[in-house]
Amino acid sequence: MEDTQLKAPKIGFVSLGCPKALTDSELILTQLSAEGYETSKSFHGADLVIVNTCGFIDDAVKESLDTIGEALAENGKVIVTGCLGARAADDGGNLVSQVHPSVLAVTGPHATQEVMDAVHTHLPKLHDPYLDLIPPQGIKLTPKHYAYLKISEGCNHRCTFCIIPSMRGDLVSRPVGDVLSEAARLFENGVKELLVVSQDTSAYGVDVRYRTGFWNGKPVKTRMFDLVQSLGEIAKPYGAWVRLHYVYPYPHVDEVIPLMAQGVCLPYLDVPFQHSHPDVLQRMKRPASGERNLERIQRWREMCPDLVIRSTFIAGFPGETEAEFEHLLAFLREAQIDRAGCFAYSDVKGAAANDLPGALPLAVREERRARFMAVAEEVSAQRLQRWVGSTLKVLVDSAPGLGRKGGVGRSFADAPEIDGIVRLLPPHKISKTFKTGEFMSAKVVATEGHDLVALPV
Ligand code: SF4
């Protein structure tokens, strides 16, 4: 007969939203395991469900509210955390509690302790903490071979279209020693690609005045350049990749480009430009909006010719004139942005941009987005051609049957989930095999939309 006393309480966990929310989920899951809770990705058989929500755009809000509704219907005991948990309803009350009054507790993002307090209240933990159940790298929601590394939380800017600072607060940088220790643990445990994330990676350390911390007995400044240099050193013995996301083009980013040229981190920069026209950038209150971005990009490419730039943009921002929009298209062409995404502007509840004059009709915003994407795809397809004939290092994401029938991987130019892939053909030699999570070499033979087709060599 089963001894129910010894059965670990089980928690269903749903993680929605961006990589920053994902790292919050990982912290909560790690803590749950540390305390002896069993976790699963489904509600089935769970004693309680935690939903980590996203509240950035309307679609994300709807998805989060629907998921909470499903969890309540299937399980009944639900704790809500994440960005949507911090959102106010029209009357100033909490939005989630109003839509779903039966949830047990609601917290905002980055609130591991509050979530754990709610779990302890509604599903007390076992007496034996089962500490030996946690793997040394903590709980990761990504495949074993890549991981997100969050270096800071919150943001000091106040872009008019964004409500993240009101949900996540001002910038708080993690101590550099903690960040580097986490990176070292991840590499030791088989991670081959580390994706550095935050709201504003270039601002790392501003809040602590670039304080000097310590790692491995050596002083390291809490500063983007020093962080990247140290991460590169830690990654080197593993041949692993370090990829930078959410980098705003502050002047000191220029110092990081030579590190890319030297192979310290990948020559890949995810810079959310959002627009090119100075007046629109000013209305958006974008950080580093005064920088001459086109000239900067040209200089970056001179320093590091392989540099791949990914960016996101907004078309149809309030007051955007046709001339301003065409400035953006010209920028896209001249800057040769390798990977560009674009949103048609839409109001986000609580954002200052909602009150700006000159709101454009929806049809105009959509039409501009479509025109933007047509140019972006043309630039991107043409940029991809330069790889045909070259041999690239590829990280294998999937290789059923040891790759004998081919597989899927990514080159330095492709971040997981958001960029293209390298479609790997079956190797010519039967003895040539490759495995998920390993690096291999492949010769590019063609392009296919956003993707490359390559033959293992
Ligand atoms: S930089 Fe702007 S868009 Fe990014 S999180 Fe901060 S306020 Fe939001």
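Right above here is the structure, for reference.
Nothing here was measured: the structure is a model prediction, and the numbers come from that model.

(A) Seen up close, the packing of aromatic side chains. Scanning the entire structure with this criterion turns up ten aromatic pairs. Seen in terms of ring centroids, Y146 and Y148 are 6.4 Å apart; in terms of plane orientation they differ by 90°. Their pairing is edge-to-face. Ring centres of W241 and F439 lie 5.0 Å apart, and the angle between their planes is 55°; this geometry places the pair in the tilted category. Taken together, the residues W241 in strand β12 (residues 241-244) and F439 in strand β19 (residues 439-448) connect sequence positions 198 residues apart. Residue classification places W241 among the buried residues on the basis of a relative accessible area of 6%. Assessed through its relative accessible area of 23%, F439 is described here as partly exposed. Over the ring of F439 we find K393, and its NZ or CZ is 4.2 Å from the ring centre. Cation over ring: R410 sits above Y146, and NZ or CZ is 5.3 Å from the ring centre.

(B) Structural context of the sheet that holds strand β1 (residues 10-15). Reading across the sheet, the five strands line up as β2-β1-β3-β4-β5 and stay open at both edges, with parallel pairing between neighbours. The sheet terminates laterally at β2 (38-40) and β5 (105-106), the two strands that pair on one side only. Helix-sheet contacts for helix α2 (residues 58-74) involve β1, β3 (48-53) and β4 (78-82), and the interaxial angle to β3 is about 180°.

(C) Molecular detail of the environment of D414. Looking at the element boundaries, D414 is found in the loop between β17 (407-410) and β18 (422-424). D414 gets classed as buried once you look at its relative accessible area, which sits at 2%. Along the sequence, D414 and V394 sit 20 residues apart, while their C-alpha atoms lie 9.8 Å from each other. Filtering out sequence-adjacent residues up to four positions away, D414 remains in contact with E193, R243, Y268, R339, D419, G420, I421 and V422.

(D) Structural view of the sheet that holds β18. Pairing within the closed barrel is mixed, and its five strands lie in the order β16-β17-β18-β20-β19. Sheet twist, expressed as the mean angle between neighbouring strand axes with direction ignored, is 50°. When β17 meets β18, the two strands line up antiparallel, connected through three bridges. The partner of V408 across the bridge, within β18, is R423.

The rules we used
- Residues numbered from 1 in each chain as written.
- Predicted model: local features only at pLDDT ≥ 70, side-chain atom pairs only at ≥ 80, totals over all residues.
- Heavy atoms only, no water.
- Phe/Tyr/Trp six-rings, centres within 6.5 Å; stacked < 30°, edge-to-face > 60°.
- Helix = DSSP H or I, 4+ residues; strand = E, 2+ residues; numbered from the N terminus.
- Buried < 20%, exposed > 50% of the residue type's maximum accessible area, 1.4 Å probe, protein only.
- Lys NZ or Arg CZ within 6 Å of the ring centre and 35° of its normal.
- Pairing = 2+ DSSP bridges.
- Contact = heavy atoms within 4.5 Å.
- Axes fitted to C-alpha atoms, helices over the stretch in contact; angles between N-to-C directions.

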